[in-house]
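# Working through the structure, step by step
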Amino acid sequence: FKFVLLAMMVLSLAVAAVGCGGKEAAKEPAQEPAKQEAAAKTKLVVGADATFAPFEFTDPATGKYTGFDVELIEAICEEAGYELDFRSMGFDGLIAALQTNQIDAVISGMTITEERQKVVDFSEPYYKSGLVVAVQAKNNDIKSFEDLKGKKIAVQSGTTGALHAEKATDKDKITYFTSSDQAMLELKNGAVDAVVMDYPVTAYFIQQGNDDVKMVGEILSAEEYGIAVPKGKTETLEKINAALKTLKENGKYAEIYKKWFGEEPK
Ligand code: ARG
């Protein structure tokens with residue numbers, strides 16, 4: 001009898017535990033372990049200028065940051081065991097923020113250039129890009145980069161597009177904007193004749209229903225995007241590179257790439 005009683009107690013306890021567990025799991029899915037794991041992770045503060053769709057921008061539906069770069073850095077952090085702290089700031093302040101250790105890394109459609117390599121370190125390239133000239137769809141006199149002489153151009157401050165515009169026309173003809181959207185709006189409004197900007201961003205902008213804008217001429221220069229870290233932060237850089245390599249090998253990189261660009265990685 002004692003045994004039966006014990007067995008019944010054990011059984012009812014077990015049922016209670018399962019019932020309870022089920023209810024709690026539904027309410028708070030694995031809260032405790034997740035919290036503990038997060039606390040043990042090193043934080044990676046990543047800066048970006050989130051006005052650069054489809055690389056980093058605010059999803060109008062959710063109000064959250066999204067894009068190719070955002071999903072890539074999320075995957076890198078997951079792979080490398082970092083807790084991601086993503087922050088948006090003006091593009092022309094990103095390098096200084098790295099130099100003063102306010103942030104640990106930058107992923108922002110940032111082109112790997114010799115100038116920048118003097119002051120920050122870059123990961124392996126993660127995207128092949130280039131610059132293009134955008135004009136109003138009805139414009140007929142600007143057909144290429146060469147036609148920009150004497151024309152008014154809008155650019156985003158601190159970008160390779162700004163540098164190329166400075167080569168193409170006089171500096172006093174250039175209007176500098178903090179965000180890339182503002183430069184594009186200036187073109188739509190007819191306040192400038194052209195915008196020099198990254199090809200994938202310009203193409204995406206036009207595709208999003210801005211068919212009053214078109215691209216002309218060749219894609220200007222072959223550029224590659226990299227993730228930047230403060231100079232000498234080799235441990236961070238190695239972790240990022242190792243994670244990037246894994247994601248390229250296990251198909252995750254290709255998956256994110258296809259989602260945002262509708263094609264296999266170049
Ligand atoms: N690729 C260009 C550069 O490195 C433009 C990048 C702008 N990125 C951004 N998130 N606004 O200068």
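Looking up the chain in an unreviewed UniProt entry gives the name Basic amino acid ABC transporter substrate-binding protein, with the organism given as Desulforamulus ferrireducens. The record held by UniProt for the chain lists under Sequence similarities (unreviewed entry) the comment "Belongs to the bacterial solute-binding protein 3 family." UniProt annotates the chain under Subcellular location (unreviewed entry) with the comment "Cell envelope".

### What about the overall build of the chain?
Within the chain one finds 10 helices and 15 strands. Of all 266 residues assigned to the chain, the portion counted as buried reaches 36%.

### As for the packing of helix α3 (residues 68–80) against helix α9 (residues 234–249)
Their axes nearest at 9 Å, the elements α3 and α9 cross at an angle of 105°. Looking at the two axes, α3 sits roughly perpendicular to α9. Residue-level inspection shows A75, I76, E79 and A80 of α3 in contact with α9, the latter providing K239, I240, A243, L244, T246 and L247. Within the contact of α3 with α9, the residues separate by chemical class into seven nonpolar, one polar and two charged.

### Considering the pairing of strand β10 (residues 153–156)
Taking every second residue as pointing to the same face, both faces of β10 are buried, with I153 and V155 on one and A154 and Q156 on the other. The pairing of β10 with strand β11 (residues 174–177) spans four bridges and is parallel. Bridge pairing links V155 to Y176 in β11. After leaving β10, the chain enters helix α6 (residues 160–168) and then returns to the sheet as β11, a path that is right-handed. The pairing of β10 with strand β12 (residues 194–198) spans two bridges and is parallel. Directly across from I153, in β12, lies its bridge partner A194.

### With respect to the sheet that holds strand β2 (residues 51–52)
A sheet is described by the order of its strands in space; here three strands give the open sequence β2-β3-β4, paired in antiparallel fashion. Each of the sheet's edge strands pairs with one partner strand only, and the pair in question is β2 and β4 (65–66). Pairing of strand β3 (residues 56–58) with β4, which is carried by two bridges, proceeds in the antiparallel orientation. In the strand pairing of β4, T58 is matched with Y65.

### Re the sheet that holds β11
Strand order in this open sheet of five strands is β11-β10-β12-β9-β13, and the pairing throughout is mixed. For this open sheet the edge positions go to β11 and β13 (213–216), each flanked by a neighbour on one side alone. Within the sheet, the average angular offset between the axes of one strand and its neighbour, ignoring direction, is 30°. Where strand β9 (residues 131–136) meets β12, four bridges bridge the pair, whose relative direction is antiparallel. The residue of β12 that forms the bridge with V133 is V196.

### Structural notes on the site of the ligand
The immediate surroundings of the ligand are formed by 15 residues, with D49, F52, T111, T159 and T160 found nearest. Grouping the amino acids of the shell around the ligand by side-chain chemistry returns four nonpolar, eight polar and three charged.

### Comments concerning unusual backbone geometry
In this structure, P54 follows A53 across a cis peptide bond, with omega equal to 5°. Tracing the chain through its elements places P54 in the loop between β2 and β3. Even without glycine at this site, N101 takes up a positive phi of about 55°. Summarising the element assignment, N101 is placed in the loop between α4 (94–99) and β6 (105–106).

### Regarding helix α7 (residues 180–188)
Buried residues of α7: S180, A183, M184 and L187, and no others. Each buried residue of α7 sits inside an arc of 95° when the element is viewed along its axis, so together they form one side. Phi turns positive, to about 80°, at G190, one or two residues after α7.

### Description of the environment of V216
By the element assignment, V216 lies in strand β13. In this structure, the C-alpha to C-alpha distance between V216 and V135, residues 81 residues apart in sequence, is 7.3 Å. Once you skip the residues sitting within four places of it in the chain, V216 turns out to touch V133, V135, I142, K143 and S144.

What counts and how
- Residues numbered from 1 in each chain as written.
- Predicted model: local features only at pLDDT ≥ 70, side-chain atom pairs only at ≥ 80, totals over all residues.
- UniProt positions renumbered as here; feature names shortened; annotations may be inferred.
- Helix = DSSP H or I, 4+ residues; strand = E, 2+ residues; numbered from the N terminus.
- Buried ≥ 20, exposed ≤ 12 C-beta atoms within 10 Å, placed from the backbone.
- Axes fitted to C-alpha atoms, helices over the stretch in contact; angles between N-to-C directions.
- Parallel < 35°, antiparallel > 145°, perpendicular 65-115°, else oblique.
- Contact = placed C-beta atoms within 7 Å.
- Nonpolar A, V, L, I, M, F, W, Y, C, P; charged D, E, K, R; others polar.
- Pairing = 2+ DSSP bridges.
- Right-handed = clockwise from strand over helix to strand, strands pointing away.
- Near = placed C-beta within 6 Å.
- Arc of directions from axis to C-beta.

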